[in-house]
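The residues making up each chain are set out below.
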Amino acid sequence: MAIAGTGGTGGTGGTGGTGGTGGTGSTADVGTDAGGGLALVSPVVRPIGLSPTLGLYNNWWPAVRWPPSDLVAPGIVAPTPRFPEMAWDPSLFGITILAEFVQQAWTAIAPPPFPGAINVPQEISDLVQLVEYRQEVLAEALAQSTDMVGYWAGLLMFSRFSHPWTFRLARIAIVVGEFVAMTLKRQIQRPRPSQLSPALMPPVPVPGHASYPSGHATQAYLLSALMAQVMPAAATAALGPNPLAPATIPAVAPANVLDRLAERVARNREVLGLHYRSDSVAGQSVAAQILPLLMVCPSMATPLTGVIAMAAGEW
């Protein structure tokens, strides 16, 4: 009987082609640290490697670095006499205004008397009742803690690029407001609400500084006050009561959208159990005291070229 022959070994499959290199992701824009401090700047990386020239030499393209090493002499560009004004980081620019602000009589700024006339048990009781609103405000409050300016920018339709001086003005409010609030907090040393009532259990880390006055309230009300200096009348016009709203709302709500937004930022911090209501009221008072001192700083008040004039000209 014939024996069947062994089949031949199949040929090895061809190697698959190498996948294309993925595109480089876009570089993140400069961020804002609305909660205060230095701006959060995304790292911009510009690698400089070797690039082939256009001329073929011995069947090869010589590569050059930058500046181009195939030039006889590097091009000479006349030096720029000054750092470009609009290249300043808005938050760091705010620190330069802070240097002028501290030359004013800012140490006279004081929040309402503490702790006199503050009903702490009632305030704690109110905060306990606000706990049920945490889920509704949490995402908003977290966003406002890192990008407060973005809410005003969204309300008024401006950005660092569309209205650069207005954006600087907003960042000045954040920098100066934080400075004054932190100084007062250090002097007063009010405990956080959750220290007195652990039942409050804030859903976010408790900030590492004292409670009174509210820094967010100080910054928010100062931001609205500065925006009111340059905004069109429509942004600062008094609003009438909503006929569909409960009758108690028009009596307590701010009269314009700028102050209403500031109130909302401050109120959200209360809902999280981070601040008493009196902290927010104190922040509003402090902001009102900062404004006139800030408005006379040379870089702010100079006609035509001051920050206020430049920002107003954008509108």
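Residues numbered from 1 in each chain as written. Predicted model: local features only at pLDDT ≥ 70, side-chain atom pairs only at ≥ 80, totals over all residues. Heavy atoms only, no water.

Caption draft 1: Looking closely at the overall build of the protein. Tallying secondary structure elements over the protein gives 13 helices and 2 strands in all. Looking at the 315 residues of the protein, the share that counts as buried comes to 36%. At a minimum sequence separation of 6, the contacts of the protein that also span at least 24 residues come to 76%. Surface accessibility of the protein: about 18500 Å² in total, with carbon and sulfur atoms responsible for 62%. (Helix = DSSP H or I, 4+ residues; strand = E, 2+ residues; numbered from the N terminus. Buried < 20%, exposed > 50% of the residue type's maximum accessible area, 1.4 Å probe, protein only. Contact = heavy atoms within 4.5 Å. Areas by Shrake-Rupley, 256 points an atom, 1.4 Å probe, with all protein chains shown as cover.)

Caption draft 2: Here's a closer look at the pattern of salt bridges. If you walk through the whole model with that rule in mind, you get 7 salt bridges. The partner of Arg-190 in a salt bridge is Asp-279, with the nearest N and O atoms 2.8 Å apart. Taken together, the residues Arg-190 in the loop between helix H5 (164–188) and helix H6 (193–196) and Asp-279 in helix H11 (residues 277–295) connect sequence positions 89 residues apart. (Salt bridge = Lys/Arg side-chain N within 4 Å of Asp/Glu carboxyl O.)

Caption draft 3: Summary view of the nonpolar core. Counting 50 residues, the largest nonpolar core has Phe-101, Trp-152, Met-227, Leu-294 and Met-300 as the members making the most contacts within it. Of all the elements in the fold, those that place two or more residues in this core are helix H1 (90–101), helix H4 (148–156), H5, helix H7 (215–230), helix H10 (257–271), H11 and helix H13 (307–313). Top element by residues in this core is H5. It accounts for 11 residues. (Core = buried A, V, L, I, M, F, W, Y, C linked by side-chain atoms within 4.5 Å.)

Caption draft 4: View of unusual backbone geometry. A cis geometry characterises the amide bond from Tyr-212 onward to Pro-213, with omega recorded as -5°. In this structure, Pro-213 sits in the loop between H6 and H7. The backbone of Gln-189 shows a phi angle near 60°, a positive value even though the residue is not glycine. Mapped onto the fold, Gln-189 is located in the loop between H5 and H6.

Caption draft 5: Quick peek at the environment of Pro-62. If you trace the backbone, Pro-62 turns up in the loop between strand E1 (51–52) and strand E2 (63–64). Placed 10 residues apart in sequence, Pro-62 and Pro-52 show a C-alpha to C-alpha distance of 5.6 Å. Setting aside anything within four residues of it in sequence, one finds Pro-62 in contact with Ser-51, Pro-52, Thr-53, Gly-55 and Tyr-57.

Caption draft 6: Expanded view of the packing of aromatic side chains. Across all of its chains, the model carries 4 aromatic pairs by this definition. Where Phe-83 meets Trp-88, the ring centres are 6.2 Å apart and the plane angle is 80°; that geometry is what we call edge-to-face. Look at Phe-83 and you get exposed, because its relative accessible area is 55%. According to the relative accessible area criterion, Trp-88 is partly exposed, its value standing at 32%. (Phe/Tyr/Trp six-rings, centres within 6.5 Å; stacked < 30°, edge-to-face > 60°.)

Caption draft 7: Just the packing of H7 against H10, in detail. Two numbers describe how H7 lies on H10: the axes approach to 9 Å, and their chain directions differ by 170°. Between H7 and H10, the interaxial angle falls into the category roughly antiparallel. Listed contacts from H10 to His-216, Ala-217, Ala-220, Tyr-221, Ser-224, Met-227 and Ala-228 of H7 are Leu-258, Asp-259, Ala-262, Glu-263, Val-265, Ala-266 and Arg-269. (Axes fitted to C-alpha atoms, helices over the stretch in contact; angles between N-to-C directions. Parallel < 35°, antiparallel > 145°, perpendicular 65-115°, else oblique.)

So yeah, pure geometry; function would need other evidence.
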